[in-house]
Amino acid sequence: VEDKDAMREAALAWIAANPRAKQPWDDKGFTWPGPSPGSQDAINLFVGAYAMLYKKTAGAIPSPEVALKTVRQGSFLTMDRALELEARAFAAIAVSGGAKDMIRTFWYHRTAAERCEGLPTTDDMNIAKVGVLGAGMMGAGLAYVSAAKGLEVVVKDISQEALDGGQAHCKAEAAKKRHLSQEARDEILGRITWTLDLGPLEGCDLVIEAVVENDKVKAVVTREVEPLLAEGGIFASNTSAIPITHLAQASEHRERFIGLHFFSPVEKMPLLEIIMGEATNDETLARCLAFGRLIGKTPIVVNDGYGFYTSRVFGCYLMEAVQLVAEGHDPVLVEWAARERGMVVPPLKVFDEVTLTLGRKGLTQREAYLGESVDGPGIELLKAMVDDHNRAGKAAGGGFYDYEGKKRSIWPGLKDLGAPTPDVTGVELIGDRLMYAQIAEVGRVLDDGILRKNRDAEVGAIFGIGFAPGSGGPLAWMDRRGLDTVVSNLRRLADSYGERFEPAQTLVTMAERGQRFFDK
């Protein structure tokens, strides 16, 4: 039909011509297509479906399981009764605490972050030309997403091989955009300049440094490139941990020096963690927020400090897993316990992917910036993996896992590096330690004043490091259990496994006052 009026008339005419119309399931002769409910074939179908579902969710998210259960039970009922069953099941899930927490984070918090509510804004981003220092996977990804939004991009590296690799990465990304014409793809790639020289960086409105995680190297790069920026140009570091105020010491314009912490792969990961140095001004923040929105990122804004927010919490997750393995807990149980608690990626697997060398360097950096020496079985295991066994992760051919084509299996040598299996172990204990290690660090981040808004704790943890999405985030996770219970459990774990589990003062005070992070 041509319009709404014509559609209404056509519908009325159809009803008049078909006064006895029925839905198929209202017909007396209706039979279910496929296997009959209750038959062996149907039983086999649902048994297989439950197994596949459990493999995928590890039982951490109830709604898919309830949906499948409702389909199975409803197949024995009339359609009207089955619809009632479905309505009751849906209502129970919809008003559950988990659903409320997810709605709060995935809708309200995320939308507020994307709209930059409560943050400085600008009508003039004043960023047309972007420089990217480093042509690795991160730098190439930044180049592509920026060019795809119409910005002129210059990628500078000291290695032609790295430039070639970055260019190949961008071509591969463009090839995936099948909805675009070849001409449109070529236009995107044509906006990117690849260079070994500093000259093409002249006039950049924003430069994002994505070089090796070393403050001395970053300082040299800052001094070389900053004079080439356009008037009012911004210099940003993509560091995942080094304090921005420290890096800004190499800058002549510290008010325009900021941290833009992207997550790999840039093309897929939605989060952008923006770090404010002591001297960073609001105009710089506003322009970077506008840039983040342009390239489709969800921003959180945090204060400065070693590891910021996401890296600190993520590091505790990974290192607690290594500590568990070093104590003799089965690495297979470690991985499964994380999934059962709802974590998106198990810790040993993701540690392999981010590389063990990054964790190894992080230990040295932590000691340098915080003056805290860290030791223990987990630290020794990580050092042995990298230094003695050359197992630096997936990219190096092996880490906690062995890799053969698409197959992946736990490296048998881990048994020789860890202690004998402890008397007390199991998924419940391991899951508690993995989750409470992160929760304890979130508390310390709150104590240190790194987080500016509670919403950023939730958005950053879920969209940046894969904290259990079904929980709504670490603050909601604590609210659901009650701060008094959280503090009590942290103290119990601290007594048994070390001071890293000691509850932060913020959590203790809130527990004593009966407070929550969010309304029920």
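In case you missed it, the structure is sitting above this.
Residues numbered from 1 in each chain as written. Predicted model: local features only at pLDDT ≥ 70, side-chain atom pairs only at ≥ 80, totals over all residues. Heavy atoms only, no water.

Applying the stated criterion across every chain, the model contains 20 salt bridges. Its salt-bridge partner being Asp387, residue Arg360 comes within 3.0 Å of it at the nearest N-O pair. Taken together, the positions of Arg360 in helix H15 (residues 356-370) and Asp387 in helix H16 (residues 377-388) put the pair 27 residues apart, joining distant regions of the chain. Classification of Asp387 as partly exposed rests on a relative accessible area of 45%. Overlapping salt bridges, with partners in common, bring together Arg312, Glu441, Arg444 and Asp448 in one network. (Salt bridge = Lys/Arg side-chain N within 4 Å of Asp/Glu carboxyl O. Helix = DSSP H or I, 4+ residues; strand = E, 2+ residues; numbered from the N terminus. Buried < 20%, exposed > 50% of the residue type's maximum accessible area, 1.4 Å probe, protein only.)

With that settled, consider a negative patch on the surface. Residues Glu2, Asp3, Asp5 and Glu9 make up a contiguous surface patch of negative charge. Position of Asp5 relative to the elements: it lies in helix H1 (residues 4-17). (Patch = residues over 30% accessible without salt bridge, like charges linked within 9 Å, V, L, I, M, F, W, Y side chains within 5 Å. Areas by Shrake-Rupley, 256 points an atom, 1.4 Å probe, with all protein chains shown as cover. Lys, Arg positive; Asp, Glu negative; His and termini not counted. Charge placed at Lys NZ, Arg CZ, Asp CG, Glu CD.)

At their nearest, the axes of H15 and H16 sit 10 Å apart, and the two run at 125 degrees to each other. By the criterion of interaxial angle, the relationship of H15 to H16 is oblique. Judged by the sense of rotation from one axis to the other, the crossing of H15 with H16 is left-handed. Facing Leu356, Thr357, Gly359, Arg360 and Leu363 of H15, the residues of H16 in contact are Ile379, Leu382, Lys383, Met385, Val386 and Asp387. (Axes fitted to C-alpha atoms, helices over the stretch in contact; angles between N-to-C directions. Parallel < 35°, antiparallel > 145°, perpendicular 65-115°, else oblique. Left-handed = near helix turned anticlockwise from the far one by under 90°. Contact = heavy atoms within 4.5 Å.)

When the terminal C-alpha atoms of helix H7 (residues 160-176) are compared, their 25 Å separation across 17 residues agrees well with the 24 Å that a helix rising 1.5 Å per residue should span. Contact partners of the buried residues in H7: helix H6 (137-148), strand E2 (152-156), helix H8 (182-190) and strand E3 (192-195). Where H7 starts, the residue carrying a side-chain oxygen 3.2 Å from the main-chain nitrogen of Glu161 turns out to be Ser159. (Expected span 1.5 Å × (residues − 1). Polar contact = N/O pair within 3.5 Å; in protein donor to acceptor, adjacent residues only side chain to side chain.)

Evaluated as defined, the whole model comprises six aromatic pairs. Summarising the aromatic geometry, the rings of Phe106 and Phe463 are spaced 5.5 Å apart at their centres and angled 70 degrees between planes, so their arrangement reads as edge-to-face. On the criterion of sequence distance, the pair formed by Phe106 in helix H5 (residues 97-114) and Phe463 in helix H19 (residues 454-465) is long-range, its members being 357 residues apart. Overall, the relative accessible area of 31% leaves Phe106 in the partly exposed class. For Phe463, a relative accessible area of 10% corresponds to the buried category. Between Phe235 and Phe257, the aromatic rings sit 5.5 Å apart at their centres with planes inclined by 20 degrees, giving stacked as the arrangement. One end of the pair, Phe235, is in strand E5 (residues 234-237); the other, Phe257, is in strand E6 (residues 257-262), and 22 residues separate them in sequence. We classify Phe235 as buried; its relative accessible area is 0%. For the cation-ring pair, Arg408 lies above Tyr401, with the distance from its terminal atom to the ring centre recorded as 5.1 Å. Its end group placed over the ring of Tyr497, Arg433 keeps NZ or CZ at 4.2 Å from the ring centre. (Phe/Tyr/Trp six-rings, centres within 6.5 Å; stacked < 30°, edge-to-face > 60°. Lys NZ or Arg CZ within 6 Å of the ring centre and 35° of its normal.)

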